[in-house]
Amino acid sequence: MALDLHKRVYSSEVQASKPGSLVVVAGWAADVKSLGKIAFIKLRDRTGYLQLVSTDAKLIEKISKLTNESVILATGKVQASKQKSGGNEIELKEFEVLNLSEPKMPIDISGKIQTDLSKRLDYRVLDLKSPRNLAIFKIRSQANASTRDFLLAKGFIEMQTPKLVAAGTEGGATLFQADYYGRKVFLSQSQQLYKQYLLAAGFDRVFEIGPSFRAEKSHTMRHLTEFTHFDFEMAFIKDEEDILNVLEEWFVYLLKDLNKKCSEQLKLLGATFEVPKQPFPRITYEECLKLLSTVGVKLKFGDDIGTDEEKKVGELIKKKYKTNAYFITKYPYTLKPFYIKTDGKISRGFDFEYDGEELASGGQREHSAETLTKQIKEKGLNPKDFEFYLLPFRYGMPPHGGFGLGIDRLIRYILKLENIREAVLFPRDPERLTP
Ligand code: ATP
Ligand code: MG
């Protein structure tokens with residue numbers, strides 16, 4: 001008798017079933033044990049594990065030939081488990097092998113033996129079998145969904161913009177270049193240009209969650225060469241404060257939604273986070289310099305706040321304001337890109353910081369074509385190269401601003417993962433192009 005795949009239920013449903021009922025289950029034989037007069041299959045599906053047990057000689061014989069990670073379809077009677085952990089198990093009546101796995105896995109996925117991240121990424125498809133990884137990517141999926149829910153309810157329009165572009169927006173140093181029918185083509189570093197185009201066109205509020213590419217040469221725990229960019233822009237703002245308000249409201253909504261909808265996954269990962277109180281502190285760049293000087297770090301106006309100093313600022317702010325989520329505002333114009341609004345000295349650009357690390361950058365943009373042309377020149381760039389960028393500014397551009405945030409970093413920070421690569425299915429860095 002062939003078992004009916006369509007009748008399959010998840011292991012979590014078996015836990016909720018009455019003892020005595022007959023069920024069909026399917027999944028991976030995570031751990032197979034044949035002990036002479038009794039045999040066990042620890043079955044894994046996307047909802048968890050389930051013990052299948054048999055004392056039938058024929059079935060025991062069949063189980064003894066089964067390899068770990070084989071895919072099976074099984075039926076049996078639900079019974080209360082005699083194990084300490086409790087719950088239900090299944091007394092096997094019959095099972096089919098849908099696909100037999102090779103007997104030896106190149107990495108251990110049970111969590112018993114630690115494999116270093118690099119090797120895990122080499123065998124990522126096997127590594128992803130672990131419930132821990134499934135939990136990370138369920139949370140990531142929910143984070144995208146919650147972000148969409150929040151923004152669509154606020155009247156934002158989701159966009160998909162080109163990734164093959166004729167020029168960069170974030171400087172030449174991190175541009176990937178390729179041949180495009182005899183011309184140069186670049187991989188998009190951000191959605192900056194196109195989101196501004198759409199505001200000129202009258203879309204009013206736009207966002208995208210899509211890939212961006214940067215030829216980062218550094219090997220850090222927070223940089224990848226391909227990352228998922230959540231980019232957001234809105235028109236008719238008074239100043240950057242309007243952006244900060246939406247950003248912090250989104251962040252609080254997101255964390256609350258994740259706590260509500262992913263409690264099981266967060267528990268499995270042992271991840272907890274506090275939902276920060278609104279408003280998040282707005283700390284000016286100059287205030288950061290003052291804070292740093294109290295611990296002997298001397299920086300002068302215009303100096304970049306490096307990674308170590310940024311961490312230090314995070315600790316000092318945590319002490320003073322009792323929060324790990326805050327904005328650094330009013331950066332010097334020299335530290336921000338040409339498209340930011342400025343009085344010539346101080347820009348309307350900001351960073352959103354979490355635990356002393358940058359999660360997003362944004363600001364109010366300059367919307368006058370004339371001033372922009374001046375700023376392009378001031379940054380040592382040639383306005384001729386930005387003709388395509390400047391065009392919409394000549395035909396009615398409203399005041400506007402926005403931000404860009406890395407989803408990979410977001411997941412890494414809120415789950416406190418050591419390395420950004422753990423938050424990405426198939427990460428790309430200077431060495432890694434496969435799998
Ligand atoms: P950093 O200073 O940390 O290198 P950035 O200031 O160059 O970042 P932005 O241009 O401000 O980056 O990009 C906006 C956001 O996109 C960043 O705050 C970050 O969350 C994300 N991001 C930028 N570059 C990368 C990258 N190489 N890998 C992963 N995320 C990135
Ligand atoms: Mg930045």
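Everything below is about the structure shown above.
Description of the structure in this document. Numbering of residues starts from 1 in every chain and runs along the sequence as written. Labels follow written order: the first chain is A, the first ligand is 1, and so on. Local features in this predicted model are restricted to residues of pLDDT 70 or higher, and side-chain atom pairs are both shown and tallied only at a pLDDT of 80 or more, whereas totals for entire chains, interfaces and linings draw on every residue. Heavy atoms throughout the structure, all of them, feed into the side-chain values; hydrogens and water do not.

Some words on the packing of helix α9 (residues 285-293) against helix α10 (residues 307-321)
- Only the stretch in contact is used when fitting a helix axis, every axis being a line fitted to C-alpha atoms; angles between N-to-C directions are given from 0 to 180 degrees. Starting at the N terminus, helices and strands are each numbered in turn, a helix being any DSSP run of H or I of at least four residues and a strand any DSSP run of E of at least two. Look at α9 against α10: their axes get within 10 Å of each other, and the N-to-C directions meet at 90°. Our classification of the angle between α9 and α10 gives roughly perpendicular. Contact residues: Glu-287, Cys-288, Leu-291 and Leu-292 in α9; Glu-309, Lys-312, Val-313, Leu-316, Ile-317, Lys-320 and Tyr-321 in α10.
- Residue composition of the contact of α9 with α10, grouped by class: seven nonpolar, no polar and four charged. Our angle categories are set so that under 35 degrees counts as roughly parallel, over 145 as roughly antiparallel, 65 to 115 as roughly perpendicular, and the remainder as oblique. Contacts are residue-level and defined by heavy atoms, with any inter-residue pair within 4.5 Å sufficient. Under the scheme applied here, ten amino acids are nonpolar (Ala, Val, Leu, Ile, Met, Phe, Trp, Tyr, Cys and Pro), four are charged (Asp, Glu, Lys and Arg), and all others, including Gly, are polar.

Re the coordination of the magnesium ion (ligand 2)
- Here a donor is any nitrogen, oxygen or sulfur atom (N, O, S) within 2.8 Å of the metal, with 3.2 Å used for Na, K and Ca; water is not among the atoms considered, so some sites may look incomplete. Protein coordination at the magnesium ion (ligand 2): the donors are Glu-358 (OE) and Ser-361 (OG), at 2.1 to 2.3 Å from the metal.
- Buried residues are those whose accessible area, probed at 1.4 Å on protein chains only, stays under 20% of the maximum for their type, while exposed residues exceed 50% and partly exposed ones sit between those limits. For Glu-358, a relative accessible area of 24% gives the class partly exposed.

A short note on the site of ligand 1
- Throughout, the term near means that a residue has one or more heavy atoms lying within 4 Å of the molecule or strand in question. The immediate surroundings of ligand 1 are formed by 16 residues, with Arg-214, His-223, Leu-224, Glu-358 and Leu-359 found nearest.
- Here a nitrogen atom of ligand 1 and a side-chain polar atom of Glu-216 are 2.9 Å apart.
- As used in this structure description, the phrase polar contact means that two N or O atoms lie within 3.5 Å; if the pair is within protein, one of them must be able to donate a hydrogen and the other to accept it, and residues adjacent in sequence are counted only when both atoms belong to side chains. One of the backbone nitrogen or oxygen atoms of Leu-359 is found 2.8 Å away from an oxygen atom of ligand 1.
- For ligand 1, whose free accessible area comes to 590 Å², the fraction covered by protein is 83%.
- Listing elements by their share of the shell around ligand 1, those giving two or more residues are β12 (226-235), β16 (357-364) and β17 (400-406).
- Of the residues forming the shell around ligand 1, the biggest block, four residues, is contributed by β16.
- When the residues that make up the shell around ligand 1 are grouped by side-chain class, the tally is five nonpolar, five polar and six charged. All accessibility values rest on the Shrake-Rupley procedure with a 1.4 Å probe; residue burial counts only the protein chains present in the view.

Quick notes on unusual backbone geometry
- For the bond from Gln-278 to Pro-279, the omega torsion is -10°, close enough to zero to count as cis.
- In this fold, Pro-279 is placed in the loop between α8 (263-269) and β13 (282-284).
- Geometrically, the link from Thr-434 to Pro-435 is a cis peptide bond, its omega value of -5° lying close to zero.
- At Asp-204, a position not held by glycine, the phi torsion is positive, near 75°.
- Looking at where Asp-204 falls in the secondary structure, it is placed in the loop between α6 (192-200) and β11 (205-213).

Here we look at the pairing of strand β6 (residues 88-99)
- Strand pairing requires that DSSP identify at least two bridges connecting the strands. Bridge count for strand β4 (residues 48-54) against β6 is two bridges, and the pairing is parallel. For Val-53, the partnering residue across the bridge sits in β6 and is Glu-91.
- Relative to β6, strand β5 (residues 71-80) runs antiparallel, the two sharing 10 bridges. Its bridge partner being in β6, Val-78 is matched across the sheet by Ile-90.

A closer look at the sheet that holds strand β10 (residues 183-187)
- Ordered by their spatial adjacency, three strands build an open sheet running β8-β10-β9, and the pairing between neighbours is antiparallel. Each edge of the sheet is formed by a strand with only one pairing partner; in this case those strands are β8 (164-165) and β9 (177-180).
- Strand direction decides the pairing type here: β8 and β10, joined by two bridges, are antiparallel. Considered in β10, the bridge of Leu-164 is made with Leu-187.

Points about the side chain of Lys-163
- Summarising the element assignment, Lys-163 is placed in the loop between β7 (157-158) and β8.
- Excluding anything up to four places from it in sequence, Lys-163 contacts Phe-186, Leu-187, Ser-188, Gln-191, Glu-208, Pro-211 and Phe-213.

What to know about the nonpolar core
- One finds Phe-230, Phe-232, Phe-251, Phe-352, Leu-405 and Leu-415 to be the most contacted residues of the largest nonpolar core, which totals 47 residues.
- Looking at this core element by element, the count peaks at 10 residues for helix α7 (residues 241-261).
- Apart from residues no more than four positions distant in its own chain, Phe-352 is found in contact with Leu-247, Phe-251, Phe-280, Ala-325, Tyr-326, Phe-327, Glu-357, Glu-358, Leu-359, Ala-360 and Leu-405.
- Within the second largest apolar cluster, 20 residues are counted, among which are Val-14, Ile-41, Leu-50 and Ile-90. Among buried residues, the Ala, Val, Leu, Ile, Met, Phe, Trp, Tyr and Cys ones that are joined through side-chain atoms within 4.5 Å form a nonpolar core.

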